[in-house]
Each structure stands twice: as C-alpha cells, then as structure tokens.
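Listed here are the chains, written in short residue letters.
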Amino acid sequence: MTIISFEKVTLKYPLLSSYSGAATIASFFFRNKIDPAKTDSIEALSEINLKLEEGTRLGLLGTNGSGKSSLLRVFKPTTGNVSLKGKIVTIFDLYCGMDEEANGIENIWIAGLTLGLAGAEIRSKIPDIEYFSNLGDSLRHPVKTYSAGMKLRLIFSLVSSLQSDILLVDEVIGVGDTKFLKKASERLKKQSSKTKVFVLASHSEWALRDFCTTGLVMSSGRIVFHGTIEDAITFYNR
C-alpha cells in the first residue's frame, strides 16, 4: 500500500530582492501572494516522482542544499501532487515554538497543544517525559535557564512519545551528550518500528545504516539514486 506519493513535484522559493527588508522575513509574509512562475526563484525540488510503500525505512543522503529537508517538508508543492495517508509526526526543528520564559512542564503543554494533542493525552504523557528527559526539578524552572542539551532532551522526549503512521526525522540524531544519544536512538528505533513509513535525513552513516533499509541520494533538488541503504551510501561517497 502506498503511504506517501510524489508526482512530478517541483518546489520553488521566490527571491524577493525587489522588496525592502530581509528576504527571509518577506518570503514568509508574501509566499502565498506571489506567483513563483513570474518571479525570480530558487528551485529546491525538480520533477520528483517517488512512492513510499508501507514498511519503508528510507534514509535521505545529500550535501547541504541538495533538497533533503525540502523533500521532507513539501506538503504544498509549487507544481505536482503530494499524497499522504495517515497521521504524521515530524521531528525537525525541536526548539521551534519553545517559550523561554515558561518552565519545562508549561512548554510540554504548549508543544502538545501545538501538535494537536488533547489535554488528557498531554497529561498522561508527562510522567514518561519527566522520566525519559531526566531533567528532574529543572522542569519547574524557566527554559531560558536550560542548556541547549537540556532543551533537546525536553522536546525530544515529548515528540518521540507520539505514535503515528508516518515519522519524518531531519538531522536530530547525533546531537546531545553520548548517554542521551544512546537513549534517544533506542527510543526513536522503537517508535519508528511502529510506523508504516519512516524517513530519516542525516549525514550520519551509522544512523542511516542503523535505522534504514533503503536510501535515496539527492543532488540539486533531484533524485540521483534510489536503492539499498548500503548502495546509496556507496553512491554518495563516490
């Protein structure tokens, strides 16, 4: 059964040099008002055709700017169609939306509500998040007092507790201290085993080998190789 389907998917980001202010800020506010076909743009993805069947454990390889992250995030392409079947959980920018003034418990609620969880579900997950994050009394302290590693442990503990049909992960494996990295990898592997489709974008060959059975190499927004994970790693290193 096909869970994710890309049909002739192209994604373009308009270059807004004619607008005053930072282009990145402008692109956020104007992205729904500008026709990329009539504006100078950068093509992040080009004519992507891909079907991911149930049971897929896919690793994405490629240099920075090759299109890996764009492929994971392209739900509304410039042209073409993206079809997704099932509940999705994404582990991308873990710090996004975190309130530095709120404490850890409050941020769990903020993140949970943002992810669409019901209050009872968030409340039921807090004991597990407390145990896994091992933050102790720090959960009652403002997040602005946390180190980067503590913030990672907090949000990862929440997101990795969610069950889904599709799990998309972008470059979070390999961060944090060694002890937590081992725990995080084991937890993520357990979570991914329960999903229908798991996709990991990473520069870490050990993570790709450990989590994935197939690999896809991207270059300049195009798929240049799709095969077993070992063959994909060999192709990429070549």
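Residues numbered from 1 in each chain as written. Predicted model: local features only at pLDDT ≥ 70, side-chain atom pairs only at ≥ 80, totals over all residues. Heavy atoms only, no water.

1. Details of the overall build of the protein
Helices and strands together make up the secondary structure of the protein, namely eight helices and nine strands. Within the protein, the fraction of its 238 residues that count as buried is 45%. Taking the contacts inside the protein whose residues are at least 6 apart along the sequence as the reference set, 75% of them involve residues at least 24 apart. Carbon and sulfur atoms make up 53% of the accessible area of the protein, which amounts to about 12500 Å² in all. (Helix = DSSP H or I, 4+ residues; strand = E, 2+ residues; numbered from the N terminus. Buried < 20%, exposed > 50% of the residue type's maximum accessible area, 1.4 Å probe, protein only. Contact = heavy atoms within 4.5 Å. Areas by Shrake-Rupley, 256 points an atom, 1.4 Å probe, with all protein chains shown as cover.)

2. A look at the nonpolar core
Counting 39 residues, the largest nonpolar core has I108, L154 and L200 as the members making the most contacts within it. In terms of residue count, the dominant contributor to this core is helix 5 (residues 148–159) (seven residues). Those residues in contact with L154 that lie beyond four places of it in its chain are M98, G104, N107, I108, I129, S133, L135, L139, V143 and Y146. Core analysis: the second largest hydrophobic core is formed by 23 residues, L11, A44, I48 and L216 among them. (Core = buried A, V, L, I, M, F, W, Y, C linked by side-chain atoms within 4.5 Å.)

3. Some words on the pairing of strand 3 (residues 56–61)
The buried fraction of strand 3 is high, at six of six residues. Here strand 3 shows a buried face lined by T56, L58 and L60 and a second buried face lined by R57, G59 and L61. Where strand 3 and strand 7 (residues 197–201) come together, five bridges link them in parallel fashion. By the bridge assignment, T56 is partnered in strand 7 with V197. Direction of pairing for strand 3 relative to strand 8 (residues 214–219): parallel, over a ladder of four bridges. Across the sheet, residue G59 finds its bridge partner in strand 8, namely G215. (Pairing = 2+ DSSP bridges.)

4. Thoughts on the sheet that holds strand 7
The mixed open sheet is built from six strands, whose spatial order is 5-6-7-3-8-9. Unpaired on one side and paired on the other, strand 5 (88–91) and strand 9 (222–228) mark the two borders of the sheet. Between one strand axis and the next, the sheet turns by 15° as a mean value, whatever way the strands run. In this fold helix 6 (residues 178–193) packs onto strand 3, strand 5, strand 6 (166–170) and strand 7, with an angle of close to 145° to the strand it touches most, strand 6. (Axes fitted to C-alpha atoms, helices over the stretch in contact; angles between N-to-C directions.)

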